[in-house]
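Chains, contacts and geometry: an overview
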Amino acid sequence: MLPAPEELKTTIEQLLPGVTLTVEGAILWVTPANLPAVCRCLKETERFSLDYVADLTAVDYPQDGRMDMVYHLCSMAKRHGPVTLKVKLDRNNATVPSLTPVYRGAEYQERETYDLYGVTFEGHPDLRRILLWEGFKGHPMRKDYVVEDQDAPAPS
Amino acid sequence: MTPLGPAASVKPVDTELMEVNLGPQHPSTHGVFRMQTVLDGETVVKLKPVMGYLHRNHEQIGEGISYIASFPFTDRLDYFCSMSNNLGLALAIEKLGAIQVTERAEYLRVIMAELTRVLNHTAVTGFLLNDMGAFGTPLLYAFREREKILDFFEAASGSRMMCNYIRPGGVRVDVPAGWLDRVREFVEGYPRFLDEFETLLTNNEIIRQRTQGVGVLPKDLAVNASATGPVLRASGQAYDIRKADGYSIYPRFNFKVPVGSVGDVYDRYYVRILEIRESLKILQQALKEIPEGPSASPKGAALVKAPRTFRPPKGEAYGRVEAPKGELGFYLVSDGTPQPYRYHIRSPSFINLTVLEDMCLGQKVADVIVILGSVDIVMGEVDR
C-alpha cells in the first residue's frame, strides 16, 4: 500500500535534506528546482518504487498568472499509485527541469506540453513541437489563446 | 579476358547514409503517420516519428462543452475501441462527482469492454499479418469475427463503431431482449475460431522467422518509458490496471495476466492471443452472473437528460482503465462550472511510441513496418 501524503512528505524530507514539500489533500507541491531529485527519490526508494510517470500535463491559470505542472506517478512493481505531484510556475516564464533523464516516458509527454502550453523543459534531449507543425505561432491550450476564425470574411 | 587483380588493390566501396521518409501516406502506418528514418544500406540507424496530421485539439474542444458532451468525441480517439474510451471518461467523471453505478450497468460495462478487447486484438493480429505481407486472408478472417462483435454493439448502442454508449452512473440504454443470449452463443463459439486462427499463425515457420528476435524491448526500458498494455506485458512485466486498480467489478472475476519473456514482435502477437482467451473467460463469468435491474443510477440517468445541470464540486480526478492498447487515463479539473476547467487524455498509443526508435535501431527497414504493426497504434488517439 502507498503511504499517505503526509507520510510521503516526511519520508522524502528525511531522505533529501533541504527539500521541503507542501501537502494539500492528496497533492504534493514541489518547487521546480527540487522536482528531479524528489522524483528520483520516489522512484528509487524501495517502499515507493514509483517506476513510471503515468501522466504529465499542465493547467493554466491566467487570472493568477501561474501555470501548474501536474505529474501522476505510478508503480508497476508495487501496483500502486498514482501519486500526484504539482509544480507551480510563472506562466510568463514557464520553465521546469525535464523529467526525461529520470523517466524516459516523460519524453513525448513533455514535448506535447511544450507544444500546447509553451512550458520549457530544461535538459530535455529533443524539445520540439510534436502535434503542431514547426513555425506554428502560440500555444493553443493556454486559456488566453485566441482561435483564429477560419470562416470569417477576409478584411477588405 | 583480363584477370582480376589481387584483392588488396580493390578499393572498398564508399557508402553513405540515406534518409527515407516512411509515410505519411503508407499502407503500414495505419493512418497518417510518418517515420523519418536514416538508413545505412537496409539497416536503420535513426528513426524519428512525426505525428499530428490528425490533430484537432480534442482537449480544447472538451474544455468548451459539458462533461457528457465529450462522450461522442472520445469515440473518435481510438475508433476501434470506443467502448473502452467511454468507460475511461465515465470513471473519471464518477470520481469527480461521486456518482454511483448500478450493479447491472457494471456487468454491461465489463461485457462491452471485454468484447472490445477481443475485437481489437483479433483485428490487430490481422493487420500485423497484412504488414508482414500476408495480404488479405488473415485480415479477412479477423474482420469476419470483428463484424459479429460490431453487430452486437450496433444492436445495443445503435452504432457499429462510434458507440457513445457508457455514461456516468451506468449505460445509456439497456441491451435489447435476447442480446445476452446471442453474446453467450458467440463467446462459446469463439475459442473454435481462435484455435483455427492459431493453427495458421502461432507455429507458422514464416511468421516465426519474421517476428522472433525482431524489435526487442527490454523490460526495464519498457517500464521506464511508461509503455503499457500488451507492449509492456510482452516484455515480461505483469502489469494490468484491471488487477492493479481493480476498478469497476474486475476483482470479482477470475482471470490471468499473460506475459511474454523476450519482448519481441512474436511475444506481442502471442500475448494478445492469450489476452483474448482471458477476456473470453471474463465474458463467460459476467454473462453468467449478470443481474436484472436498472441500467443507470438515478443521478446518472438525470445527467443524461440534462447534461449542463452537472456541476461537480471544485477538485480534480484522474480516472484510468486498461484499454486494449494500454493505460487510457482521463485527467479532469473542475472549477464548479458545467464545463471541465482542464480535460486531459493520457493516450496509450501516443506514449507507447516513445520507444519506437529504440525497438527499430539496428533492424532492417522491412522489420520497421512489422514492429510498428506490433505496437498497435491508432492515429485518432495518437494525435487527438
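These lines cover the structure that appears in this document, whether it is placed above or below.

So, how was this worked out
Residues numbered from 1 in each chain as written. Chains lettered and ligands numbered in written order. Predicted model: local features only at pLDDT ≥ 70, side-chain atom pairs only at ≥ 80, totals over all residues. Heavy atoms only, no water. Helix = DSSP H or I, 4+ residues; strand = E, 2+ residues; numbered from the N terminus. Rg over C-alpha atoms; globule rule 2.2 N^0.38 Å. Buried < 20%, exposed > 50% of the residue type's maximum accessible area, 1.4 Å probe, protein only. Contact = heavy atoms within 4.5 Å. Areas by Shrake-Rupley, 256 points an atom, 1.4 Å probe, with all protein chains shown as cover. Lys, Arg positive; Asp, Glu negative; His and termini not counted. Charge placed at Lys NZ, Arg CZ, Asp CG, Glu CD. Axes fitted to C-alpha atoms, helices over the stretch in contact; angles between N-to-C directions. Parallel < 35°, antiparallel > 145°, perpendicular 65-115°, else oblique. Left-handed = near helix turned anticlockwise from the far one by under 90°. Nonpolar A, V, L, I, M, F, W, Y, C, P; charged D, E, K, R; others polar. Expected span 1.5 Å × (residues − 1). Buried area = accessible area lost by both parts, 1.4 Å probe. Salt bridge = Lys/Arg side-chain N within 4 Å of Asp/Glu carboxyl O. Pairing = 2+ DSSP bridges.

Turning next to the overall build of chain B. A tally of regular secondary structure across chain B gives 16 helices and 8 strands. In terms of overall dimensions, chain B is globule-like: its C-alpha atoms have a radius of gyration of 23 Å, near the 21 Å expected for 384 residues. Each principal axis of the C-alpha distribution contributes one length, and for chain B these read about 95 × 45 × 35 Å. Within chain B, the proportion of its 384 residues that are buried is 60%. Counting contacts in chain B only where the partners sit at least 6 residues apart, residues at least 24 apart contribute 71% of the total. Put simply, chain B shows about 14,600 Å² of open surface, and 56% of that area lies on carbon and sulfur atoms. For chain B, the distance from the average site of its 43 positive side-chain charges to the average site of its 45 negative ones is 5 Å.

The next point concerns the overall build of chain A. A tally of helices and strands in chain A yields 3 helices and 7 strands. Ordering the α and β elements of chain A from the N terminus gives α-β-β-α-β-β-β-β-α-β. Judged by the C-alpha coordinates and their principal axes, chain A covers about 65 × 30 × 25 Å. Looking at chain A residue by residue over its 156 residues, the buried ones come to 54%. Across chain A, every contact between residues at least 6 apart in sequence was considered, and the portion connecting residues at least 24 apart equals 52%. Charged side chains of chain A number 17 positive and 23 negative; the gap between the two group centres comes to 4 Å.

This brings us to the packing of helix α4 (residues 103-131) of chain B against helix α11 (residues 265-289) of chain B. Residues and elements named next belong to chain B. Two elements in contact, α4 and α11, have axes whose closest approach is 9 Å; the angle formed by their N-to-C orientations is 155 degrees. When the axis of α4 is compared with that of α11, the two are roughly antiparallel. Crossing geometry of α4 relative to α11 is assigned as left-handed. Grouping the constituent residues of the contact of α4 with α11 by class yields 16 nonpolar, 4 polar and 5 charged.

Take α4 of chain B next. Residue and element names in this part refer to chain B. With 29 residues, α4 should reach 42 Å at 1.5 Å per residue; the first-to-last C-alpha distance of 42 Å fits that figure. The buried count for α4 comes to 27 of 29 residues, which makes it a mostly enclosed element. Looking at the residues trailing α4, positive phi occurs at G133, about 105 degrees.

Listed by partner, the interface residues are 39 residues for chain B and 46 residues for chain A. Summed over both sides, the interface of chain B with chain A buries roughly 3,400 Å², with 53% coming from carbon and sulfur. Looking at the side of chain B facing chain A, the largest losses of area belong to N224, Y341 and T354 of chain B, adding up to 18% of the total buried there. Inspection of the chain B/chain A interface yields 4 salt bridges.

What follows concerns the sheet that holds strand β5 (residues 80-90) of chain A. Residues and elements named next belong to chain A. Read across the sheet, 5 strands follow the order β1-β2-β5-β4-β3 without closing on themselves; strand pairing throughout is mixed. Unpaired on one side and paired on the other, β1 (22-24) and β3 (52-61) mark the two borders of the sheet. Going from strand to strand, the sheet's axes swing by 25 degrees on average, the running direction of each strand aside. Here helix α3 (residues 106-117) sits on the sheet in contact with β3 and β4 (66-75), set at roughly 10 degrees to β3.

Right, let's get into helix α15 (residues 365-375) of chain B. In an α-helix, one turn spans 3.6 residues, which is why side chains three or four residues apart end up on the same side. Residue and element names in this part refer to chain B. In terms of burial, α15 is largely enclosed, as 9 of its 11 residues are buried. Buried within α15 we find D367, V368, I369, V370, I371, L372, G373, S374 and V375. D376 occupies a position one or two residues after α15 and carries a positive phi of about 65 degrees.

Following the criterion strictly, the structure yields 42 salt bridges over all chains and no others. Residue E46 of chain A pairs with K78 of chain A through a salt bridge whose shortest N-O separation is 3.4 Å. Taken together, the residues span a long stretch of sequence, with E46 of chain A in the loop between α2 (35-44) and β3 and K78 of chain A in the loop between β4 and β5 at a distance of 32 residues. Judged by its relative accessible area of 37%, K78 of chain A falls in the partly exposed class. A salt bridge links R104 of chain A to E107 of chain A; the nearest nitrogen and oxygen atoms lie 2.8 Å apart. The exposure class assigned to E107 of chain A is buried, which follows from its relative accessible area of 8%. Sharing partners across several salt bridges, the network here consists of E114, R117, R233, D240, R242, E275 and E322 of chain B.

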